Structure formats: structure tokens, C-alpha cells
Amino acid sequence: VHRWTKEVKKQFTTDWLQWASEQNKPLYAMPFIDNLKMDKWVAMCGFKLFEMHQCTDGVIRKLYRWSK
């Protein structure tokens, strides 16, 4: 996305929720960036914090889960 606008956000949210709802299993996300913008993005997409997961590099990261 070159420019994030209200219209782009609305279309993205509509497309994302349609696609995610068509999946027949939970979806997971583990962003390597942990900041306020990422918190807003995972919330906007409907992800919920699933666990604090220790990765193979030893770093503990937030693991998010989305389900119907």
C-alpha cells in the first residue's frame, strides 16, 4: 500500500475478514516488530494474543491467533 487512507483501510479490512473467514483453521501471526503500530494492526485484523513464544533464536515474541 503506497498511501494508507480510510478507504484503503476499509477495503483491506473487508478483504482480510472475507479471506480469513474462508479458512477452516485458526491463523497465526508472529510479528518480529513489537511496537504500537503493530499492536494496532493485529487488533484491526482481529488477532488475539495467544502466547509469549520463545523462538529458536532465544527471543521471546508475541504469538497471535485469529479464529472464527
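Now for a quick tour of the structure. Keep in mind it's a predicted model, so treat the numbers as computed, not measured.

Further remarks concern the pattern of salt bridges. Tallying each qualifying case throughout the model produces 3 salt bridges. In this structure, the salt-bridge partner of lysine 62 is aspartate 34, at a minimum N-O distance of 3.2 Å. Here aspartate 34 lies in the loop between strand S1 (27–29) and helix H2 (36–44) and lysine 62 lies in strand S3 (residues 60–66), a separation of 28 residues in the sequence. Judged by its relative accessible area of 23%, lysine 62 falls in the partly exposed class. For aspartate 34, a relative accessible area of 55% puts it in the exposed group.

Further remarks concern the sheet that holds S3. The strand order across the open sheet formed by 3 strands is S1-S3-S2, and the pairing between neighbours is antiparallel. At either margin of the open sheet sits one strand with a lone partner, and together these are S1 and strand S2 (48–54). The sheet shows a mean angle of 30° between the axes of neighbouring strands, taken without regard to direction. Sheet topology places S2 next to S3; 6 bridges connect them, and they run antiparallel. Within S3, the position partnered with glutamine 54 by the bridge is isoleucine 60. Most of the contacts of helix H1 (residues 6–22) go to S3, to which it runs at about 80°, and overall it touches S1 and S3.

Calculation criteria
Once a new chain begins, its residue numbering starts again from 1 and follows that chain's sequence as written. Local features in a predicted model are, by the rule used here, given only for residues with pLDDT of at least 70; side-chain atom pairs are given and counted only at 80 or more, and totals for whole chains, interfaces and linings are based on all residues. Hydrogen atoms and water are omitted, and side-chain values are computed over all heavy atoms in the structure. Salt bridges are counted wherever a side-chain nitrogen of Lys or Arg sits within 4 Å of a carboxyl oxygen of Asp or Glu. A run of DSSP states H or I qualifies as a helix once it reaches four residues; a run of E qualifies as a strand once it reaches two. Both are numbered from the N-terminal end. For every residue, the accessible area (1.4 Å probe, protein chains only) is compared with the maximum for its type, and the residue is labelled buried under 20%, exposed over 50%, or partly exposed between those bounds. Following DSSP output, two strands are said to pair if at least two bridges run between them. Working convention: axes come from line fits to C-alpha atoms, limited for helices to the stretch in contact. Angles between N-to-C directions cover 0 to 180 degrees. Contacts between residues were defined by any pair of non-hydrogen atoms, one from each residue, lying within 4.5 Å.

All quantities given are derived from atomic positions and should not be read as evidence of function.
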